[in-house]
Structures are given as C-alpha cells and as structure tokens.
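Inside the fold
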Amino acid sequence: MTTQESGTPVPTAEPLEVPQRALDVDLAQAFSQLLFRASLLQRLRDDEARAARAAQRDLLGLLVDVDDALAALSLDPELVRLGRTSGIEATRRRLLGKLAKAGVRPMRLEGMAADPGLSEIVGTEARTGLEPETVVQSVVTGFFWNDEVLRRAQVVVATAPPPTSAELPGTAVGAVDPTDTAGATDTAGATDIADTAGAGTASTGETAEAGPDREGAGRTAAREAPAAPAGTGRAAAGGRNRKNWSRSSRAKRRKR
C-alpha cells in the first residue's frame, strides 16, 4: 500500500492472472482463420445477391411480356367493341410506372443505326434518304434495366432502293441489239446465196446452148434447165440470140 500526504493508506491494483490456455493460443493462426471466415461469409452474401438479382431480372422480364400481352389485347376487335380497352390501357400505365421505378425503361431506336447488342434485325425495307441498316420500325420493343439490356428489340432496318433500268450496267442509249445484228447478217447471207445460185443456173444454160450439140439435144437441155431467176434476163436473151444464129448457119450449110 501507498500512503497519501494526509497519512491515509491507498490500496494498489494487483495484476490480473492470465489463463494458461490464453497464453498457448497462436495469434497468427487465429487471425488467418478469422479472415477466412469473413471471406467465406462475403462470398455467401455475393451469391445470395446474384441469385436475388437474377430472380428480379426474370420477374421484370415476365412483367415486360405481360405488357406485350396487354398491348395485344387492347387491339382485339371484340374487346374494343365491348369497351374494355380503357381498363387494359390503365393497367398498362400502372405496370409501366412500376417498371420505371424498378429502373426499366423502353428503348427508342427509330432513326438510329442498328446495334447487335441492342436489337435483332427481323426485316428490311427499301428507303431513300436513309443510310443502310438504319432502324425504321420496332416490331418488338426492347427494354433497358438500369445500365444493362433487359430485352433486345426486334427491328426493321432500311436498305438501298433497287437500281432502275437506266442505271443498270452494260446498257447504253442507242445501243444496237446483238440479236438484230445477227438477224440482219443471216438475211444478207441468204440473199447472197440465192443470187449466186441464180448466176450459176444461168451460166449452165448458156454452156448447154452454145455447145456443138444438135438441135434436139439443145431443146432437151432447154426443157430440163430450170427457169432463170429474176435479175438474169440479159443472160436468157443472149441464149435465145445464139440459138437463132445457130439455126440460120445450119440452114445455109444445107443449101450449099
């Protein structure tokens, strides 16, 4: 004990007794075990969070499909006749509002270039004044969920219009048709062949009449020879003149 200045004794604190098993604990090993258990707990929490997010994603996708079904019902002629479309549209507005609070928003892709990560091309349409693969219509609306794609859209994109006949390669104004040229060539060839045949026939007739055959043989050859075609009148007239000349010469010889 210690005494104060007044002489009053002050009790002193005695050291605590440490258990023997606490002195035998390996602090480094205990700390590593604590870190392992903490990492294991964090991994379990991450797995639970991923499972919950996947379930939420599936539920949001199902609600988006419900919205598509409600949109199709609002166009049913029977429901339109019964006046039930107003209630369907009100339900759709409430559903889309809940989806918006959950971070789901529809895609607006009209007029933008088609992106394979956001949309799927299901059709094409010829459009002038638009770049190819520009979205012109969304057949099925796509949705975002925060920063990721919840559902890809199905779109129709623009294509270049087909070229007109004036723009086709290989056709020029005033070009000669090869079939017409071939026809003209065949006609000209047939005409030349006919003229050649006619000239040959006329030459044969002249040779038969100008030879030293007798009068009977000449008449037989004249009867058997075919008629000369048009354009060989001079050759035929020449043959008749030579025949008359041969007859007069034979008559003079007989008189002698």
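Please refer to the structure placed before this passage.
These lines cover the structure that appears in this document, whether it is placed above or below. This one's a predicted model, so the numbers in the text were calculated from it and none came from an experiment.

If you tally the helices and strands in the protein, you get seven helices and eight strands. A buried classification covers 15% of the 256 residues belonging to the protein. Considering only residue pairs separated by 6 or more positions, the protein has 62% of its internal contacts joining residues 24 or more positions apart. Per element, the accessible surface of the protein, about 19,900 Å² overall, is 57% carbon and sulfur.

Here we take up the side chain of Asp 67. Within the element layout of this structure, Asp 67 appears in helix H2 (residues 27-73). Setting aside residues no more than four positions away along its own chain, Asp 67 makes contact with Arg 92, Leu 95, Leu 96 and Phe 143.

On to the packing of aromatic side chains, then. Tallying each qualifying case throughout the model produces zero aromatic pairs. Lying over the aromatic face of Trp 145, Arg 53 brings its terminal NZ or CZ to 4.3 Å of the ring centre.

A few words on the pairing of strand E8 (residues 153-159). For E8, the tally of buried residues reaches five of seven residues, placing the bulk of the element in the interior. Pairing of strand E4 (residues 119-126) with E8, which is carried by seven bridges, proceeds in the parallel orientation. Bridge pairing in E8 places Thr 124 opposite Val 157. Relative to E8, strand E5 (residues 135-140) is paired through four bridges, and the arrangement is antiparallel. Residue pairing across strands places Gln 137 opposite Val 156, the latter belonging to E8.

Before going further, it helps to spend a moment on the sheet that holds strand E6 (residues 143-145). One open sheet accounts for three strands, arranged E3-E6-E7; its pairing is antiparallel. Of all the strands in the sheet, just strand E3 (104-106) and strand E7 (148-151) have a single pairing partner and so form its edges. Ignoring strand direction, the axes of neighbouring strands in this sheet form an average angle of 35°. The pairing of E3 with E6 spans three bridges and is classified as antiparallel. Residue Arg 105 lies in a different strand from E6, and its bridge partner there is Phe 144.

This brings us to the sheet that holds E8. Here we have three strands laid out as an open sheet, ordered E4-E8-E5, and mixed in their pairing. At either end of the open sheet lies a strand with only one pairing partner, and these are E4 and E5. Here the strands of the sheet are splayed against their neighbours by 30° on average, with no regard to which way each runs.

The subject of this paragraph is the side chain of Arg 151. Its location among the elements puts Arg 151 in strand E7. A distance of 3.2 Å separates polar atoms of two side chains, one belonging to Arg 151 and the other to Asp 65. Side-chain polar atoms of Arg 151 contact the side chain of Asp 68, separated by 2.6 Å. In this structure, Arg 151 is in contact with Val 64, Asp 65, Asp 68, Met 107, Val 140, Thr 141, Gly 142 and Phe 143, ignoring residues within four places of it in sequence.

On the surface, Phe 31, Leu 34 and Leu 35 cluster together into a nonpolar patch covering about 330 Å² of accessible area. Mapped onto the secondary structure, Leu 34 falls in helix H2.

If you want to describe how two helices pack, look at the angle between their axes and the distance between the axes. Put simply, H2 and helix H4 (residues 85-101) touch, their axes get as near as 10 Å, and they point 160° apart. In terms of axis orientation, H2 runs roughly antiparallel to H4. In this structure, the crossing between H2 and H4 has a hand that is left-handed. Contact residues: H2 offers Leu 60, Leu 63, Val 64, Val 66, Asp 67, Leu 70, Ala 71 and Leu 73, while H4 offers Ile 88, Thr 91, Arg 92, Leu 95, Leu 96 and Leu 99. Classifying every residue of the contact of H2 with H4 gives eleven nonpolar, one polar and two charged.

Bringing the nonpolar core into the picture now. One finds Leu 60, Val 64, Leu 70, Leu 79, Ile 88, Leu 95, Leu 99, Val 104, Phe 143, Trp 145 and Leu 150 forming the largest nonpolar core, which totals eleven residues. Broken down by secondary-structure element, the contributors of at least two residues to this core are H2, H4 and E6. Those residues in contact with Leu 70 that lie beyond four places of it in its chain are Ile 88, Thr 91, Arg 92 and Leu 95.

For the rest of this paragraph, the subject is H4. If you check H4, its first and last C-alpha atoms are 25 Å apart, about what 17 residues at 1.5 Å a residue would give, namely 24 Å. Residues of H4 that are buried sit in contact with H2, helix H3 (77-82) and E3. One or two residues past the end of H4 sits Gly 103, with phi positive at roughly 95°.

Rules behind the numbers
- Residues numbered from 1 in each chain as written.
- Predicted model: local features only at pLDDT ≥ 70, side-chain atom pairs only at ≥ 80, totals over all residues.
- Heavy atoms only, no water.
- Helix = DSSP H or I, 4+ residues; strand = E, 2+ residues; numbered from the N terminus.
- Buried < 20%, exposed > 50% of the residue type's maximum accessible area, 1.4 Å probe, protein only.
- Contact = heavy atoms within 4.5 Å.
- Areas by Shrake-Rupley, 256 points an atom, 1.4 Å probe, with all protein chains shown as cover.
- Phe/Tyr/Trp six-rings, centres within 6.5 Å; stacked < 30°, edge-to-face > 60°.
- Lys NZ or Arg CZ within 6 Å of the ring centre and 35° of its normal.
- Pairing = 2+ DSSP bridges.
- Axes fitted to C-alpha atoms, helices over the stretch in contact; angles between N-to-C directions.
- Polar contact = N/O pair within 3.5 Å; in protein donor to acceptor, adjacent residues only side chain to side chain.
- Patch = residues over 30% accessible without salt bridge, like charges linked within 9 Å, V, L, I, M, F, W, Y side chains within 5 Å.
- Salt bridge = Lys/Arg side-chain N within 4 Å of Asp/Glu carboxyl O.
- Parallel < 35°, antiparallel > 145°, perpendicular 65-115°, else oblique.
- Left-handed = near helix turned anticlockwise from the far one by under 90°.
- Nonpolar A, V, L, I, M, F, W, Y, C, P; charged D, E, K, R; others polar.
- Core = buried A, V, L, I, M, F, W, Y, C linked by side-chain atoms within 4.5 Å.
- Expected span 1.5 Å × (residues − 1).

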